[in-house]
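Next come the chains, spelled out residue by residue.
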Amino acid sequence: MSWHPQYRSSKFRHVFGKPASKENCYDSVPITRSVHDNHFCAVNPRFIAVVTECAGGGAFLVIPLHQTGKLDPHYPKVCGHRGNVLDVKWNPFDDFEIASCSEDATVKIWSIPKQLLAKNLTACRKELVAHARRVGLVEWHPTAANILFSCGYDYKVMIWNLDTKESVIVSPVRTITCHQDVILSMSFNTNGSLLATTCKDRKIRILDPRAGTVLQEASYKGHRASKVLFLGNLKKLLSTGTSRWNNRQIALWDQDDLSVPLTEEDLDGSSGVLFPFYDADTNMLYVVGKGDGNIRYYEVSADKPYLSYLTEYRSYNPQKGIGVMPKRGLDVSSCEIFRFYKLITTKSLIEPVSMIVPRRSESYQEDIYPPTAGAQPSLTAQEWLNGMNRGPVLVTLRPGSELLSPRPLPPERPVFNSVAPASSQPLDQTEKLATEDGWRPPSLLEEKAPRWAAERRLEEKKSWLTNGFDIFECPPPKTENELLQMFYRQQEEIRRLRELVTQREVQAKQLELEIKNLRMRSEQF
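- The protein chain carries the name Coronin in an unreviewed UniProt entry, which gives Propithecus coquereli as its organism.
- What UniProt records for the protein chain under Sequence similarities (unreviewed entry) is the sentence "Belongs to the WD repeat coronin family."

Take a look at the structure:
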């Protein structure tokens, strides 16, 4: 409805959406028919979780990411709820832990086994029971481990500390009771110190989650918000909703002043809810409409005009829900910067859609992959509850790379030394510790090996990893496109190994010169 300029200088102006081929989709998936305005899908680099339709309670499916194609109608479900499941979210720091909430007024934490599910999973790891009515939303804290937020139809936001031994938790560490109606969405800022919410009274609130106080509240009547999103470190909020003429609308707000939006843009006259997604690494905003087939995307800037329309991905298949892959699960060899998983109920299909920056170069594109949030928490639950704030631990997506931000070191292992006195722990206790955490005492050869040998072995082990995947465990390519992607990955790996060999040769020459100099000095004396 608003006018967009035809051309604009931007490295993301030519980003296009590429749907997966039929064999790379997930077919025959019984997607839920719930009318709740949620995503109904959660994705991480290992699994895709989808809320499903079933009789006698609520359930969701957990499908391994590589298991594409037609789904077995008797595929095992996660089905411990007594009411319909309304939301699922993966733990950002544990790819095998997922939270779900339901109409039965409970929140459950599930541990997914590393081997595939052989039968229905009904036993949860933890159960959170404090809401008086059904629970519509769950959200993990972005930087603190084991902190979970839940929103219920009792108008309460509850904060849970999962770092306890109890399997049933009946009292949250904090309850926020400032809302007067049903909470529709919630979003954290980058370090998790602020929480933004939208409510059925169409107001946007910015809260201090630890104190439970309202810091800002929008009372602007020209925009009725339904979803809200923090825009990274820009100190801005984006909300989607409707205008006073019932047109679908997006609005941008200053985090410190919610009296009037910085800009508003009417989209169309449809009735489906708009889900916003923001990529802080590329400053791109994606707007996905429920019941639409298209995905609009914008570039966000700190200065006017703030929102710059790029283009849209169009499809004839309407989505009921949507899932988003974390950045650490993207394919950097094909310049993929975002990936959606569309839930298409008319075809019982889950269709991946990759957003790709067209580049001719085969090398790693540093400018479109800045350091991004990894899978390591920067705070413990107790540290966050005590008032500490810390940004996410950053990683680079370059193949075979390490963490960029410092992280706490793991506890030290006992050192075994033949010269040192005998350990105070008896042998059977050491063996017991070894069997519990999978650690084994080093062999005699490892004890005598110098430190550089251990570092060399670690480097060789890292060289087997390409973008976080073991190249010896990758499934064989199924299509020509996958074969090309595998070829490009191998070319990048060969180039990297050549550089490593060149560095080793330079180091060897330097050592030879040092040895020669030492010999000459010894002959002089």
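## Concerning the overall build of the protein chain
Here's step 1: Looking only at helices and strands, the protein chain has 5 helices and 35 strands in total.
Here's step 2: Counting the 525 residues in the protein chain, one finds 46% classified as buried.
Here's step 3: Long-range contacts, defined here as pairs at least 24 residues apart, represent 52% of the contacts in the protein chain between residues at least 6 apart.
Here's step 4: Total accessible area on the protein chain is roughly 27,800 Å²; 52% of this is exposed by carbon and sulfur atoms.

## So, the UniProt feature "repeat: WD" (unreviewed entry) in the protein chain
Here's step 1: The positions that UniProt labels "repeat: WD" (unreviewed entry) are, in the present scheme, residues 78–112, 128–170 and 176–217.
Here's step 2: Annotated as residues 78–112, this span is 0% helix and 60% strand, and its ends, taken at the C-alpha atoms, are 9 Å apart.

## Some points on the sheet that holds strand 28 (residues 307–313)
Here's step 1: Taken together, 4 strands build an open sheet; the order of strands is 25-26-27-28 and the sheet is antiparallel. Pairing within the sheet leaves two strands with one partner each, and these edge strands are strand 25 (274–279) and strand 28. Between one strand axis and the next, the sheet turns by 25° as a mean value, whatever way the strands run.

## Considering the UniProt feature "coiled-coil region" (unreviewed entry) in the protein chain
Here's step 1: Cross-referencing UniProt, the feature "coiled-coil region" (unreviewed entry) maps to residues 494–521 in the present numbering.
Here's step 2: In residues 494–521, the share of helix is 100% and the share of strand is 0%. The end C-alpha atoms are 41 Å apart.

## A short note on the packing of aromatic side chains
Here's step 1: All told, the structure shown has 15 aromatic pairs when counted by the stated rule.
Here's step 2: Between the aromatic rings of Phe 47 and Phe 96, the centroid separation amounts to 5.6 Å while the plane-to-plane angle is 75°, which identifies the pairing as edge-to-face. On the criterion of sequence distance, the pair formed by Phe 47 in strand 4 (residues 47–52) and Phe 96 in the loop between strand 8 (85–90) and strand 9 (97–102) is long-range, its members being 49 residues apart.
Here's step 3: Judged by relative accessible area, Phe 47 falls into the buried class, the value being 7%.
Here's step 4: Of the residues examined, Phe 96 reaches a relative accessible area of 15% and is grouped as buried.
Here's step 5: Seen from their ring centres, Phe 149 and Phe 188 are 4.8 Å apart, and the 80° between their planes marks the pair as edge-to-face. Of the two residues, Phe 149 sits in strand 13 (residues 147–152) while Phe 188 sits in strand 17 (residues 183–188), which places them 39 residues apart along the sequence.

## What about the pattern of salt bridges?
Any two side chains of opposite charge can pair, given that their charged atoms come close.
Here's step 1: Inspection of the entire model under this criterion finds 25 salt bridges.
Here's step 2: A salt bridge links Asp 95 to Arg 328, with the nearest nitrogen and oxygen atoms 2.8 Å apart. With a gap of 233 residues between them, Asp 95 in the loop between strand 8 and strand 9 and Arg 328 in the loop between strand 29 (321–324) and strand 30 (336–344) connect regions that are remote in the sequence.
Here's step 3: Since its relative accessible area comes to 13%, Asp 95 is described here as buried.

## Focus: the pairing of strand 28
Here's step 1: In terms of burial, strand 28 is a largely internal element, 5 of the 7 residues being buried.
Here's step 2: Two strands pair when backbone bridges link them, and strand 27 (residues 295–300) and strand 28 are joined in this way by 6 bridges, in the antiparallel orientation. By the bridge assignment, Glu 299 is partnered in strand 28 with Ser 308.
Here's step 3: Counted between consecutive antiparallel strands, the loop separating strand 27 from strand 28 contains 6 residues, among which Tyr 306 sits at a positive phi close to 65°.

## Quick notes on the environment of Lys 203
Here's step 1: The residue Lys 203 is located in the loop between strand 18 (195–199) and strand 19 (204–208) in this model.
Here's step 2: Taking the C-alpha atoms as reference points, Lys 203 and Tyr 220, 17 residues apart in sequence, are found 7.9 Å from one another.
Here's step 3: Sequence-distant contacts of Lys 203, that is, excluding residues within four places in its chain, are made with Thr 197, Thr 198, Glu 217 and Ala 218.

## Concerning a nonpolar patch on the surface
Here's step 1: A grouping of Leu 484, Phe 487 and Tyr 488 is seen on the molecular surface, where their side chains present a nonpolar patch of about 250 Å² in accessible area.
Here's step 2: For Leu 484, a relative accessible area of 38% gives the class partly exposed.

## Overview of unusual backbone geometry
Here's step 1: A cis geometry characterises the amide bond from Lys 304 onward to Pro 305, with omega recorded as 10°.
Here's step 2: Considering the arrangement of structural elements, one finds Pro 305 in the loop between strand 27 and strand 28.
Here's step 3: The backbone of Ala 105 sits at a positive phi, close to 70°, despite the residue not being glycine.
Here's step 4: Its location among the elements puts Ala 105 in the loop between strand 9 and strand 10 (107–111).
Here's step 5: Taking relative accessible area as the criterion, Ala 105 reaches 12% and is therefore assigned buried.

## A short note on the confidence of the model for the protein chain
Here's step 1: Counting all residues, the mean pLDDT for the protein chain is 83, and 84% of those residues have values of 70 or more.
Here's step 2: Helix 3 (residues 444–448) is the least confidently modelled element of the protein chain, averaging 39 in pLDDT, while strand 3 (residues 41–43) averages 96, the highest of any element.
Here's step 3: In the model, residues 405–453 has pLDDT below 50 throughout and makes 19 contacts with residues more than four positions away in sequence or in other chains.
Here's step 4: Here residues 460–473 is a poorly scored stretch, pLDDT under 50, and it has 23 contacts once near neighbours within four places are set aside; other chains count.

## A word on the sheet that holds strand 24 (residues 263–268)
Pairing between sheet strands relies on hydrogen bonds along the backbone, with the strands arranged either parallel or antiparallel.
Here's step 1: Pairing is antiparallel across the open sheet formed by 4 strands, whose spatial order is 21-22-23-24. Edge positions in the sheet fall to strand 21 (223–230) and strand 24, since each of these pairs with one other strand and no more. Each strand axis lies, on average, 25° off the axis of its neighbour in the sheet, ignoring direction.
Here's step 2: Relative to strand 23 (residues 248–254), strand 22 (residues 236–243) runs antiparallel, the two sharing 7 bridges. Its bridge partner being in strand 23, Thr 242 is matched across the sheet by Arg 248.

## Structural notes on the side chain of Thr 197
Here's step 1: Mapped onto the elements, Thr 197 comes out in strand 18.
Here's step 2: Classification of Thr 197 by relative accessible area gives buried; the value is 0%.
Here's step 3: With residues up to four places along the chain from it excluded, the contact list for Thr 197 reads His 179, Ile 183, Ser 185, Met 186, Lys 203, Ile 204, Arg 205, Leu 207 and Val 228.

Scoring rules and cut-offs
Residues numbered from 1 in each chain as written. Predicted model: local features only at pLDDT ≥ 70, side-chain atom pairs only at ≥ 80, totals over all residues. Heavy atoms only, no water. UniProt positions renumbered as here; feature names shortened; annotations may be inferred. Helix = DSSP H or I, 4+ residues; strand = E, 2+ residues; numbered from the N terminus. Buried < 20%, exposed > 50% of the residue type's maximum accessible area, 1.4 Å probe, protein only. Contact = heavy atoms within 4.5 Å. Areas by Shrake-Rupley, 256 points an atom, 1.4 Å probe, with all protein chains shown as cover. Pairing = 2+ DSSP bridges. Axes fitted to C-alpha atoms, helices over the stretch in contact; angles between N-to-C directions. Phe/Tyr/Trp six-rings, centres within 6.5 Å; stacked < 30°, edge-to-face > 60°. Salt bridge = Lys/Arg side-chain N within 4 Å of Asp/Glu carboxyl O. Patch = residues over 30% accessible without salt bridge, like charges linked within 9 Å, V, L, I, M, F, W, Y side chains within 5 Å. pLDDT = per-residue confidence, 0-100.

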